[in-house]
Each structure stands twice: as C-alpha cells, then as structure tokens.
Amino acid sequence: MKYTNLYFEDFTVGKSFETDAKTVNQDDIIRFGESFAPLPYHTDPVAAKDSMFGDLVAAGFHTCAISFGLFIESGIFSACAMGSPGADRLGWKKPVKPSETLQVTATVLEASPARAEGGKNLIKLQIVTTNQDGDVVLEMQTLHFVAARPQ
C-alpha cells in the first residue's frame, strides 16, 4: 500500500497518484474471457492469431478491472471510500496482450464538497493506464464519494 489516511481534503484538483505495476498473464486473460467475454481473441491463443488483434488480448472490461484493482490496492481510498455514482468516460486505447505490465495514474479533475451537513464529498478522477512501454491502454473518468478528514 503506497497511500494511507487520505481524505477529501487530500484530493486537490491537479494532484496525481501513481499505483504499483502488475503484469497481465495469459491464464488471467483466458479465465476472465471465458467468464465474462467469451470471444476467441480473449479465450483461445491459437484462434486469436487469426483475429484483428493477431494475438490473445485482454477484454476491455478486464483492463478496467485490473486498473481499478491497482488503484484500490494502492490504498488511496482505504480511509475515505464512500462508493461511486459511476463513470463519465471510458476509452480503450490499445489492446493489452499477455506479459504486458500495467500501471495507473489517477489525477483529480474536480473536487466538490458536500452541500449539506452529513452529505457526501464528490471527486472526479482521470484514470490513465499505461503499459511497460508508456503506451496508454485505457483512459476513464470516474466519480467517487469520499469522506472528509475526521475532526
């Protein structure tokens, strides 16, 4: 865990957080594909050779799950998470292949304090996931409710 004891006050516009990296392996891609995206280029390395990707690739939502997992594992929300009302944007920029190593940078785009006593503070994050070569593989904007620092 890289970050601890972060609260709404720590999420200032423009502030960025970086996660640790994770290498994606073929077995994980196939397992996710078989469960949630049963298409040959997500489940069959041989058949994937004849696909538009030319190789096995992670499903887009698998890349999202890895990205969000890295973000959460970093500890950014360990003290302040209060749920999420959703996401505004999501874009898969480049396919993720086996043995690629992914890392996430999350940058605060907006930080809105609660409007009422006991309300929820809201932050908007730009999540950018890159591979080991620095290529962007995913961009998304997510919304999160976060607690204020206890008095």
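Attention here is on the structure that accompanies the text. (Residues numbered from 1 in each chain as written. Predicted model: local features only at pLDDT ≥ 70, side-chain atom pairs only at ≥ 80, totals over all residues. Heavy atoms only, no water.)

## Details of the pattern of salt bridges
Taken as a whole and judged by the stated rule, the model has eight salt bridges. Linking Asp55 and Lys49 is a salt bridge whose minimum nitrogen-to-oxygen distance equals 3.7 Å. Residue classification places Asp55 among the partly exposed residues on the basis of a relative accessible area of 22%. Classification of Lys49 by relative accessible area gives exposed; the value is 53%. The shortest N-O distance in the salt bridge between Glu110 and Lys124 comes to 3.7 Å. Note that Glu110 is positioned in strand β3 (residues 101-112) and Lys124 in strand β4 (residues 121-130), a separation of 14 residues in sequence. Within this structure, Glu9, Asp10 and Arg149 form a network of salt bridges that share partners. (Salt bridge = Lys/Arg side-chain N within 4 Å of Asp/Glu carboxyl O. Buried < 20%, exposed > 50% of the residue type's maximum accessible area, 1.4 Å probe, protein only. Helix = DSSP H or I, 4+ residues; strand = E, 2+ residues; numbered from the N terminus.)

## What about the side chain of Ser67?
With respect to the helices, strands and loops of the structure, Ser67 is situated in helix α4 (residues 60-73). From its side chain, Ser67 meets the backbone oxygen of Thr63 in a polar contact 2.8 Å long. Those residues in contact with Ser67 that lie beyond four places of it in its chain are Val104, Thr129, Leu138 and Met140. (Polar contact = N/O pair within 3.5 Å; in protein donor to acceptor, adjacent residues only side chain to side chain. Contact = heavy atoms within 4.5 Å.)

## Focus on the environment of Glu110
The exposure class assigned to Glu110 is partly exposed, which follows from its relative accessible area of 40%. In the structure, Glu110 is positioned 96 residues away from Gly14 in sequence and 8.4 Å away in space, judged by C-alpha atoms. Leave out the neighbours within four places in its chain, and Glu110 touches Val13, Leu122, Ile123 and Lys124.

## Regarding the environment of Ala47
Within the element layout of this structure, Ala47 appears in helix α3 (residues 45-48). For Ala47, a relative accessible area of 30% puts it in the partly exposed group. Once the C-alpha coordinates of Ala47 and Gly60 are considered, the two residues, 13 residues apart in sequence, prove to be 18 Å apart.

## Details of a nonpolar patch on the surface
A grouping of Phe61, Leu90 and Trp92 is seen on the molecular surface, where their side chains present a nonpolar patch of about 330 Å² in accessible area. Mapped onto the fold, Trp92 is located in strand β2 (residues 86-92). On the basis of relative accessibility, which here comes to 41%, the residue Trp92 falls in the partly exposed class. (Patch = residues over 30% accessible without salt bridge, like charges linked within 9 Å, V, L, I, M, F, W, Y side chains within 5 Å. Areas by Shrake-Rupley, 256 points an atom, 1.4 Å probe, with all protein chains shown as cover.)

## A short note on the side chain of His144
Secondary-structure assignment places His144 in strand β5 (residues 136-146). There is a polar contact of 2.7 Å between the side chain of His144 and the side chain of Thr142. In this structure His144 touches Phe68, Phe77, Gly83, Ser84, Pro85, Asn121, Leu122, Ile123 and Leu125, once residues within four positions along its chain are discounted.

## Some remarks on the packing of aromatic side chains
Within the structure shown, the criterion is met by eight aromatic pairs. With 4.9 Å between their ring centres and 50 degrees between their planes, Phe32 and Phe36 make a pair best called tilted. Of this pair, Phe32 and Phe36 both sit in helix α1 (residues 26-36), separated by four residues, roughly a single helical turn. Among the aromatic residues, ring-to-ring pairing joins Tyr3, Phe11, Phe17, Phe68, Phe71 and Phe77 into one connected group. (Phe/Tyr/Trp six-rings, centres within 6.5 Å; stacked < 30°, edge-to-face > 60°.)

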